[in-house]
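A structural walkthrough
One letter stands for each residue in the lines below.
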Amino acid sequence: MGSSVASALARVDAGSLADIFDDRPNRVQHPVMQCVQIKPIAPQPGGQERHRVIFSDTKNYIQTMLAVAQNHLVEEKILRRGVLVQLLGYNANNYKAKRILIVTEIKVLEEYGEHEKLGEPKPFETKPEEEDQKPNPSAATSQGFYGNKQEQPKSRAMPTHAKQSSSAHANIYPIEAISPYSNKWTIKARCTSKSDIKTWHNRNGEGKLFSVNLLDESSEIRATGFNEQCDLLYDLFQENSVYYITSPCRVTFAKKQFSNLPNDYELHFEKDTKVEKAEEQDGVPQVRYNFTTIADLQSVEKDTTIDIIGVLKDIGETSQIISKTTSKPYDKRELTLVDNTGYSVRLTIWGKTAASFDVPPESVVAFKGVKVSDFGGRSLSLLSSGSVSANPDMTEAHKLKGWYEDQGKSNNFATHANVQGTVSAGGSRRDPFKTISQIKEEQLGMSETPDFFSVKASIQYIKQDNFCYPACLSEGCNKKVVEIDPGQWRCEKCDKTHPKPEYRYIMSVNISDHTGQLWVSCFDETGRQIIGMTADELMEIKEVDEKKLAEIISDSICKTWNWKCKAKLDNFQEQQRVRYQITSASPMNYVAESQKLIDLIKQYNID
Ligand SMILES: [Zn+2]
């Protein structure tokens, strides 16, 4: 197999590494590179193996860390030295003078074959020192890398503020003391979060605003800049930096519905409000948290604002939704967090935070200001006044990191969705693993709303009669068609007649594990997976050779899969019974599965 060196060379996006790290506007979103080396890294005790992979864009090469989720590509030898790959997911970090690329998702372009090193790539040079000192605008979200706390950008003495000694701010007020009755004051506070700029249009005109949360030893307060102040101050404020803010500045009653801060007042910047970045960044506390564990969310009331810390188990893709109030699109992204209570929870982030979220999976992340909702049991939504901190340097974070490396990585997590039994369809739930006896004992699917779960089980039997049905060929229509004349398959819904149907699977499958057995129904997509061919192909075989059909089906049994399943009540001939539908099947990853079992066995403390 393979293609010519010339076509492989032409496919590689030469120079794309430099484009990625300098974030050039014309850069290729999913660049193609050559894999030039793969090295395993000794796993942490109890951890999974990781791989360092060197990718070359033919001008430069760089050593990258491959996400564990891509390990199967190495294990199955799909990712090999010399092949071309397309980087679908990656995070580029400038850490001190180092450039780090974490690769979360790749596609191997097998059609280009394997080649000796293409081009004459050079090591990707580190940046010159001064360039590296540029404050990183996304500092708040890319604060750390594998537990290392990233240094705050050095606050260089800015010429305009160079003479400003702290004695000029002798009369510092604590935030707690600010009220509409205090008139001359300066506060020294850390900006713990900064909103996006929001614009509004109404009968009285239009405008824009942004808000920051400010924190000192005594309290917190929210401050908002409108219109000109928005233009003037937006860029000056950076999350995690410390500022002097000096009156005149309006103090008004806080609009509690927009804020989660424990302050009765809030600030509106005025024309003469003075905001200066403090030279010394110390002596002002970092963000304060009051964490709720994921398990305890169960007992938290809907709409309460809480803080939460957990390990990023899953990062969804960014999607766009249209705001009902402004009719404008904004970004949305779902994260899955786990912690050592054995629970997982979904947390949605919005807007710029969603679009620019670049924290690698398996990082510890602390969220301040998230709203608890009862959508799908319990889920979380980051408020616009909330903040995100990756790998924060605090005891809770170190503890979680240790727990995750040690055992959390291979745990299965319960979701609140399941406990509550109020799951809504769709979304990226983590459906808890159940054994077949648990499925029955817990009466999953017996309540008003369906239950979702995963089960590891082997196929015992597949019913051979009616394994598929003739479906309509029209796009998006899977309705059953009827042959009204030879070569005339009619769909009632589309009101159309097709020369032939498309056969789709609908199979009754008996699956079993060490605790029992269960009849489940499989639809087309899963059917293709477990049979290894389409229902059309299988029908063709059936027509010429029934014996061959039986062979193919018997080849599919005795195989073990991880099934995702939905259980719900069904009325059938005036009888209620639970039906189990397979929503997806994934083949066993024996390495990951063994790791899971090893951890389970360890819990029995057998020496
Ligand atoms: Zn149709």
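In case you missed it, the structure is sitting above this.
Scope of this entry: the structure provided in the associated data block. (Residues numbered from 1 in each chain as written. Predicted model: local features only at pLDDT ≥ 70, side-chain atom pairs only at ≥ 80, totals over all residues. Heavy atoms only, no water.)

Turning our attention to the coordination of the zinc ion. The coordination sphere of the zinc ion, as far as protein atoms go, consists of Cys472 (SG), Cys477 (SG), Cys491 (SG) and Cys494 (SG), spread over 2.1 to 2.3 Å. Bound by 4 donor atoms, the zinc ion shows angles of 105 to 114° at the metal and therefore tetrahedral coordination geometry. Within one chain, the residues donating to the zinc ion are spaced in sequence as C-x4-C-x13-C-x2-C. By relative accessible area, Cys472 is classed as buried at 1%. (Donors = N, O, S within 2.8 Å, 3.2 Å for Na, K, Ca; no water. Tetrahedral: all angles 85-135°; square planar, octahedral: opposite > 155°, others 65-115°. Buried < 20%, exposed > 50% of the residue type's maximum accessible area, 1.4 Å probe, protein only.)

Turning our eyes to something else, we now look at unusual backbone geometry. Where the residue is not glycine, phi is negative for most of them; where a peptide bond is considered, it is trans in most cases. That bond from Ser247 to Pro248 is cis: its omega, 10°, falls within 30 degrees of zero. Locating Pro248 in the fold gives a position in the loop between β14 (242–246) and β15 (249–253). In the Ramachandran plot, Asn227 falls in the positive-phi region, its phi being about 40° despite a non-glycine side chain. On the secondary structure map, Asn227 appears in helix α5 (residues 227–233). Here Asn240, not a glycine, exhibits a phi torsion of approximately 80°, which is positive. As for its placement among the helices and strands, Asn240 is situated in the loop between α5 and β14. (Helix = DSSP H or I, 4+ residues; strand = E, 2+ residues; numbered from the N terminus.)

Residues Met507, Val509, Ile511, Ile530, Ile531, Trp563 and Tyr580 are the most contacted members of the largest nonpolar core, which totals 41 residues. Ignoring sequence-local partners within four residues, the contact set of Trp563 consists of Phe453, Ser454, Val455, Ala457, Ile459, Ile511, Cys522, Thr526, Ile530, Ile582, Ser584 and Ala585. Among the nonpolar cores identified, the runner-up in size contains 23 residues, and Ile175, Ile178, Val212 and Tyr243 belong to it. (Core = buried A, V, L, I, M, F, W, Y, C linked by side-chain atoms within 4.5 Å. Contact = heavy atoms within 4.5 Å.)

Here 3 strands make up an open sheet; going across it, the order is β27-β28-β29 and the pairing antiparallel. Looking at the sheet topology across the chains shown, the edges are occupied by β27 (482–485) and β29 (496–498). For this sheet, the mean angle separating the axes of adjacent strands, direction not counted, is 45°. In this sheet, strand β28 (residues 488–491) lies alongside β27 in antiparallel orientation, the contact comprising 3 bridges. Residue Asp485 lies in a different strand from β28, and its bridge partner there is Gln488. (Pairing = 2+ DSSP bridges. Axes fitted to C-alpha atoms, helices over the stretch in contact; angles between N-to-C directions.)

Distances and angles like these do not, on their own, reveal function.
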